[in-house]
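# Coordinate inspection notes
In case you want the letters, here they are:
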Amino acid sequence: MPPDPRRWLALAVIAVAQLMVVLDATIVNIALPSAQEALHISTADRQWIVTAYTLTFGGLLLLGGRIADFFGRKRTFLIGLLGFAGASALGGAAVNAGTLFAARGLQGLFGALLAPAALSLITVTFTEAKERAKAFGVFGGISGGGAAIGLLAGGVLTEYADWRWCLLVNIPIAVLAFAAAVPLVRESKASGDTRYDIPGAVLATAGQVALVYGFTKAATDGWSSGVTIGWLAAAVVLLGAFLFWEARTAHPLLPLRVLFDRNRGASYLVSVLLGAGMLGMFLFMTFYLQQTMGWSALKSGVAYMPFSGGIIAAAVIASRLLPRTGPKVLMTVGGVLATASMVWLTRLDLDSSYAVHILPSFIAMSLGMGLVFVPLSSLALSGVADHDAGVASAMVNTTQQVGGSLGTALLNTIFTTAVTGYVADHAASAASGGAQLLQAHAAIHGYNVAFTASAVLLAVATVVVIAMVRNTPAGRTTETTEAAPVHFG
């Protein structure tokens, strides 16, 4: 079948929808203090503004990918857009904590439909190697730079409008994307075996929810608490049962051929490690800029703009080089740059200069992430049968969510432990009137330790790339797959 003549316009629509989903992950973070105050949310409960979204999004992604494959990728994409807009409207109009938490959960549910549908639409729309590389370049730039753009947008909306607009801004974006997608995006869906694996869906969703919730509880209750251990143990049992079931059922939700291909498996593992390691940049740099340097939310958001520009530039470069170099070279160089940038941040102090100590790290990290994200998205979907495009796409998002949740829990626990230890070791200075200065130095020590842990995670991701990825040119499969016919309408 000849390529869709409107495929580049369709890509623009898909990219806008993806940007909305990515922005939502960070734009709401900036609004957290204002939302907490306005709705009288307790400090213990404020985490649910974030985790209500991540639990439903991460837990339902695999099922969302299969729904996109079988129900229709365009149809699922459109439903996801409208549902996301409706949930955003509910959250923006929330008058109490329960309504806001429910709205965030609904955003996660419809995001779990929207995200895998968007990525799988790119997979089945762009079949020529060079064009697919360019398309993934756009997608990678959006996925990587959107988080930093969200911080800026959240600062602007919170400071000059109202925290509610951090949610309401999704409505016009979703409506415009829907109106453009109807005529521009071509429908596709799998044929043949299209029966849903209900037991697999229940086990996968419950296992992922338990895993994400266990990581979340580790950040608040500690890794050794009974609640944390219980949820993580439940996650291991449920996910183990899921893999056992998938290996034996005739209609698997996640065919193990998708998971156990060498290159694809490596890309999923790298995605987890990068998601965890990057939290060291966004999570603790935001605290450093606002609490240590005393910057406003808007000024902190502006500070991330070079990161956005760098990742977009690197994504363009990677998309052009990918067909010639293959993924391994680009991902290795990107991983080294990202690791070096995090090592550089371990030098931060109370009086560090933005231009000297922070900006170089932002630039190196953005270039590194751009060089990794583009080939990673391509590698995760290269060689997959069209029948499995949705579920393979969902795995990219799922691993990022799991990695982000792990990073939040792990790095926050490391930070808290380091701060507590520093205060205990230097308590004598507090007795002589230096309590406030002691806390400031303890925070810096905690940041440096957390950045070190992030650097280790990124370094491990780079080692995985070097050891496991086969450097096949983009567009060439690493396995022989019999693709089920794809129906366009």
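Model, not experiment: these values are computed from the prediction.

### Description of the overall build of the chain
Broken down by element type, the chain carries 17 helices and two strands. Taken over the C-alpha trace, the chain has a radius of gyration of 22 Å; the compact-globule value for 489 residues is 23 Å, and the two agree within 12%. Taking the principal axes of its C-alpha atoms as reference, the chain extends roughly 75 × 50 × 45 Å. Burial analysis of the chain (489 residues in total) assigns 57% to the buried set.

### A closer look at the side chain of Asp 69
Here Asp 69 is to be found in helix α2 (residues 48-71). A polar contact of 2.8 Å, which involves the side chain of Asp 69, links it to the side chain of Arg 73. Setting aside residues no more than four positions away along its own chain, Asp 69 makes contact with Lys 189, Ala 190, Asp 386, His 387, Asp 388, Ala 389, Gly 390 and Val 391.

### A closer look at the pattern of salt bridges
All told, the structure shown has three salt bridges when counted by the stated rule. Its salt-bridge partner being Asp 69, residue Arg 66 comes within 2.9 Å of it at the nearest N-O pair. Placement of the pair is Arg 66 and Asp 69 together in helix α2, with a separation of three residues, close to one helical turn. On the basis of relative accessibility, which here comes to 0%, the residue Asp 69 falls in the buried class.

### What about the confidence of the model for the chain?
Considering every residue of the chain, the mean pLDDT works out to 84; 92% of them sit at 70 or more. Of the regions scoring below 50 in pLDDT, residues 474-489 engages in 41 contacts with residues more than four places distant in sequence or in other chains.

### Looking at the packing of aromatic side chains
Under the defined criterion, the tally for this structure stands at 11 aromatic pairs. Each ring, one from Trp 48 and one from Tyr 213, has its centre 5.6 Å from the other, and the planes form 25 degrees; the classification is stacked. Of this pair, Trp 48 sits in helix α2 while Tyr 213 sits in helix α8 (residues 198-221); the two residues are 165 residues apart in sequence, bridging distant segments of the chain. Since its relative accessible area comes to 16%, Tyr 213 is described here as buried. Aromatic pair Phe 415 and Tyr 447: ring centres 5.2 Å apart, planes at 20 degrees, arrangement stacked. Here Phe 415, found in helix α16 (residues 389-425), pairs with Tyr 447, found in helix α17 (residues 427-468); they are 32 residues apart in sequence, far enough to count as distant. Each of the two residues, Phe 415 as well as Tyr 447, counts as buried. Through a chain of ring-to-ring contacts, the aromatic side chains of Phe 284, Tyr 288, Phe 415 and Tyr 447 assemble into a single cluster. One residue, Arg 75, lies across the ring of Phe 71, its end atom 4.8 Å from the ring centre.

### Considerations on a nonpolar patch on the surface
Where nonpolar side chains cluster on the molecular surface, the patch consists of Phe 71, Ile 79, Tyr 196, Ile 198 and Val 202 and spans about 450 Å² of accessible area. Considering the arrangement of structural elements, one finds Phe 71 in helix α2.

### Overview of helix α15 (residues 354-381)
Taking 1.5 Å of rise per residue, the 28 residues of α15 would be expected to cover 40 Å, and the 38 Å separating its terminal C-alpha atoms lies within 8% of that figure. The residue sitting at the N-terminus of α15 and contributing the capping side-chain oxygen is Ser 353; that oxygen lies 3.3 Å from the backbone nitrogen of Ala 355. Following α15 by one or two positions, Gly 383 has its phi on the positive side, about 85 degrees.

### Some details on unusual backbone geometry
Of note in the backbone geometry, His 40 takes a positive phi value of approximately 55 degrees without being a glycine. Within the fold, His 40 resides in the loop between α1 (7-38) and α2.

### Re the environment of Ala 112
Following the sequence through the fold, Ala 112 ends up in helix α4 (residues 97-125). A sequence separation of 347 residues divides Ala 112 from Ala 459, and the C-alpha atoms of the two residues are 30 Å apart.

### A word on the packing of α15 against α16
With their axes 9 Å apart at the nearest point, α15 and α16 run at an angle of 140 degrees to one another. Classified by the angle between their axes, α15 and α16 sit oblique to one another. α15 and α16 meet at a crossing whose hand is right-handed. Residues Phe 373, Leu 376, Ala 380 and Leu 381 of α15 lie in contact with α16, whose contacting residues are Ala 389, Ala 392, Ser 393, Val 396 and Gln 400. Class assignment of the residues belonging to the contact of α15 with α16 gives a composition of seven nonpolar, two polar and no charged.

### Notes on a positive patch on the surface
On the surface, a cluster of positive charge is made up of Lys 130, Lys 134, Arg 320 and Arg 324. Of all the secondary-structure elements, those providing two or more residues to the positive patch are α5 (129-160) and α13 (305-325).

### Overview of the packing of helix α3 (residues 73-92) against helix α7 (residues 170-184)
Between α3 and α7, the shortest axis-to-axis distance is 8 Å and the interhelical angle comes to 160 degrees. With respect to their mutual orientation, α3 and α7 come out roughly antiparallel. α3 and α7 meet at a crossing whose hand is left-handed. Residues Lys 74, Phe 77, Leu 78, Leu 81, Leu 82, Phe 84, Ala 85, Ser 88 and Ala 89 of α3 pack against Asn 170, Ile 171, Ala 174, Ala 177, Phe 178, Ala 181 and Val 182 of α7.

### Section: the environment of Ala 177
Within the secondary structure layout, Ala 177 lies in helix α7. Residue class for Ala 177 comes out buried when judged on its relative accessible area of 4%. On a C-alpha basis, the gap between Ala 177 and Leu 82 in space is 9.6 Å, while along the polypeptide they are 95 residues apart. For Ala 177, the contacting residues outside a window of four places in its chain are Val 13, Val 16 and Leu 81.

### A word on the environment of Val 343
Tracing the backbone shows Val 343 in helix α14 (residues 327-345). Residues Val 343 and Ser 188, 155 residues apart in the sequence, show an inter-C-alpha distance of 45 Å.

Rules used throughout
Residues numbered from 1 in each chain as written. Predicted model: local features only at pLDDT ≥ 70, side-chain atom pairs only at ≥ 80, totals over all residues. Heavy atoms only, no water. Helix = DSSP H or I, 4+ residues; strand = E, 2+ residues; numbered from the N terminus. Rg over C-alpha atoms; globule rule 2.2 N^0.38 Å. Buried < 20%, exposed > 50% of the residue type's maximum accessible area, 1.4 Å probe, protein only. Polar contact = N/O pair within 3.5 Å; in protein donor to acceptor, adjacent residues only side chain to side chain. Contact = heavy atoms within 4.5 Å. Salt bridge = Lys/Arg side-chain N within 4 Å of Asp/Glu carboxyl O. pLDDT = per-residue confidence, 0-100. Phe/Tyr/Trp six-rings, centres within 6.5 Å; stacked < 30°, edge-to-face > 60°. Lys NZ or Arg CZ within 6 Å of the ring centre and 35° of its normal. Patch = residues over 30% accessible without salt bridge, like charges linked within 9 Å, V, L, I, M, F, W, Y side chains within 5 Å. Areas by Shrake-Rupley, 256 points an atom, 1.4 Å probe, with all protein chains shown as cover. Expected span 1.5 Å × (residues − 1). Axes fitted to C-alpha atoms, helices over the stretch in contact; angles between N-to-C directions. Parallel < 35°, antiparallel > 145°, perpendicular 65-115°, else oblique. Left-handed = near helix turned anticlockwise from the far one by under 90°. Nonpolar A, V, L, I, M, F, W, Y, C, P; charged D, E, K, R; others polar. Lys, Arg positive; Asp, Glu negative; His and termini not counted. Charge placed at Lys NZ, Arg CZ, Asp CG, Glu CD.

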